[in-house]
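# A structural walkthrough
Okay, here's what each chain looks like letter by letter:
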There are 2 protein chains.
Amino acid sequence: MPWLAPVDLLGTVAGILTTASFVPQVIKTLRSGQTRDISLAMWLSFCLGVTLWLVYGIMLGAWPIIAANVPTLGLAGTILVVKLRNMNKE
Amino acid sequence: MPWLAPVDLLGTVAGILTTASFVPQVIKTLRSGQTRDISLAMWLSFCLGVTLWLVYGIMLGAWPIIAANVPTLGLAGTILVVKLRNMNKE
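Now for a look at the structure at hand.

So, about the overall build of chain A. Per the secondary structure count, chain A includes four helices and zero strands. Counting helices and strands in the order they occur from the N terminus, chain A gives α-α-α-α. Each of the three principal axes of chain A carries a C-alpha extent, and together these read 50 × 25 × 15 Å. Among the 90 residues that make up chain A, the fraction classed as buried is 48%. Partitioning the intrachain contacts of chain A with sequence separation of at least 6 by distance along the chain shows that 73% fall at a separation of at least 24. Carbon and sulfur atoms form 71% of the exposed surface of chain A, whose accessible area is close to 4,500 Å².

What follows concerns the nonpolar core. Residues A:Phe22, A:Trp43, A:Phe46, B:Phe22, B:Trp43 and B:Phe46 are the most contacted members of the largest nonpolar core, which totals 24 residues. Contributions of two or more residues to this core are made by helix H2 (22-32), helix H3 (40-60) and helix H4 (63-86) of chain A together with helix H2 (22-32), helix H3 (40-60) and helix H4 (63-86) of chain B. Apart from residues lying up to four places away in sequence, B:Trp43 is in contact with A:Gln25, A:Met42, B:Phe22, B:Ile38, B:Ala76, B:Ile79 and B:Leu80. A:Ala14, A:Trp53, B:Ala14 and B:Ala62 belong to the second-largest nonpolar core, a separate cluster that totals 21 residues.

Here the focus is the relation of the copies chain B and chain A. Each copy superposes on the other: chain B lies on chain A with an RMSD of 0.0 Å after a rotation of 180° and an axial shift of 0.0 Å. Expressed as an axis order, the relation between the two copies is that of a two-fold axis. For chain B, the smallest separation between a C-alpha atom and the rotation axis is recorded for B:Asp37, amounting to 2.7 Å. With an isologous cut-off of 70% or more, the 95% of interface residues of chain B that recur at the interface of chain A puts this contact in the isologous class.

With that out of the way, let us pick up the pattern of salt bridges. This model, assessed by the stated rule, comprises two salt bridges over all chains. A salt bridge links A:Lys83 to A:Glu90; the shortest N-O distance between them is 2.6 Å.

All right, on to the side chain of A:Asp8 then. Here A:Asp8 is to be found in helix H1 (residues 6-20). One buried charged residue, A:Asp8, remains without a salt bridge, the closest side chain of opposite sign being A:Arg31 at 34 Å.

Further remarks concern the interface of chain B and chain A. Listed as interface residues are 39 residues of chain B and, on the opposing side, 37 residues of chain A. Buried area between chain B and chain A, both sides added, is near 3,400 Å², and the carbon and sulfur share of it is 75%. There are zero salt bridges connecting chain B and chain A. Linking chain B with chain A are 13 residue pairs in polar contact (both at pLDDT 80 or more), by the criterion used here. Of all elements in the fold, only helix H1 (6-20), H2, H3 and H4 of chain B reach the threshold of two or more residues within the side of chain B that touches chain A. Looking at the side of chain B that touches chain A, the element that brings in the most residues is H3(B), giving 14 residues. Class assignment of the residues belonging to the side of chain B that touches chain A gives a composition of 24 nonpolar, ten polar and five charged.

What counts and how
- Along each chain, residues carry numbers from 1 onward, in the same order as the chain's sequence is written.
- As they are written, the chains are lettered A onward and the ligands numbered 1 onward, keeping that order.
- Whole-chain, interface and lining totals are the exception, using all residues; otherwise, since this is a predicted model, local features are given only for residues with pLDDT of at least 70 and side-chain atom pairs are given and counted only at 80 or more.
- Side-chain numbers here rest on the full set of heavy atoms in the structure, without hydrogens or water.
- Strands are runs of DSSP state E lasting at least 2 residues, helices are runs of H or I lasting at least 4, and numbering of each runs from the N terminus.
- Burial classes: relative accessible area under 20% of the type maximum marks a residue as buried, over 50% as exposed, and values in between as partly exposed (1.4 Å probe, protein chains only).
- Note on contacts: a residue pair qualifies if any of its non-hydrogen atoms lie within 4.5 Å across the two residues.
- Here the open area of atoms and residues is found with the Shrake-Rupley method and a 1.4 Å probe, where only the protein chains shown may cover a residue.
- The criterion is simple. A nonpolar core is a set of buried Ala, Val, Leu, Ile, Met, Phe, Trp, Tyr and Cys residues joined through side-chain atoms within 4.5 Å.
- Least squares is the method used to superpose the copies, on C-alpha atoms of residues holding a pLDDT of at least 70 in both.
- What counts as a salt bridge is simple: a side-chain nitrogen of Lys or Arg found within 4 Å of a carboxyl oxygen of Asp or Glu.
- Neither His nor the chain ends contribute to the count of charged residues, in which Lys and Arg are positive and Asp and Glu negative.
- When two parts are brought into contact, each loses some accessible area as probed by a 1.4 Å sphere; the total of that loss over both is the buried area.
- For the purposes of these results, a polar contact is taken to be a pair of N or O atoms within 3.5 Å, where, inside protein, one atom must be able to donate a hydrogen and its partner to accept one; residues adjacent in sequence count only when each atom of the pair is a side-chain atom.
- Following the grouping adopted for this structure description, the nonpolar residues are Ala, Val, Leu, Ile, Met, Phe, Trp, Tyr, Cys and Pro, the charged ones are Asp, Glu, Lys and Arg, and the polar ones are all others, Gly among them.

So, in structure tokens, the structure goes:
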């Protein structure tokens, strides 16, 4: 079993928390379909930024950054899609 | 002038995008005062996770991670505070 450095463990916990944080928002958004209080500019910029963090993690070979940003992109992308679909009725 | 490695430049742009993304959400939330569509669980977990990313960046000596997470914590913390204040009326 490979040795897990304390810094990697910390990055893993950090990644689990920030990534998992989007799950309740995705559930809330998909259930209610309501995105009025959610900022389009935030989610556009955030999804683009997370894509670049992913490339940064790959370049550094820092797997906690990679592992955290792949699911974050999927979850944040889901919220962005619902917001975009709601744009004409808000 | 210190040489900026391409990976650091990428991390800087990524950090600017993900951190700046919270600015329009903070403006929207402070202006409207409305947080009904915003998930409390998301912002609690996110703020805790960002705090750990900050420690991770300090331990790695990765300044783009540090520089991105300090203002993110301030901005996300602002949204969390407004959400918490609104809890009794939502």
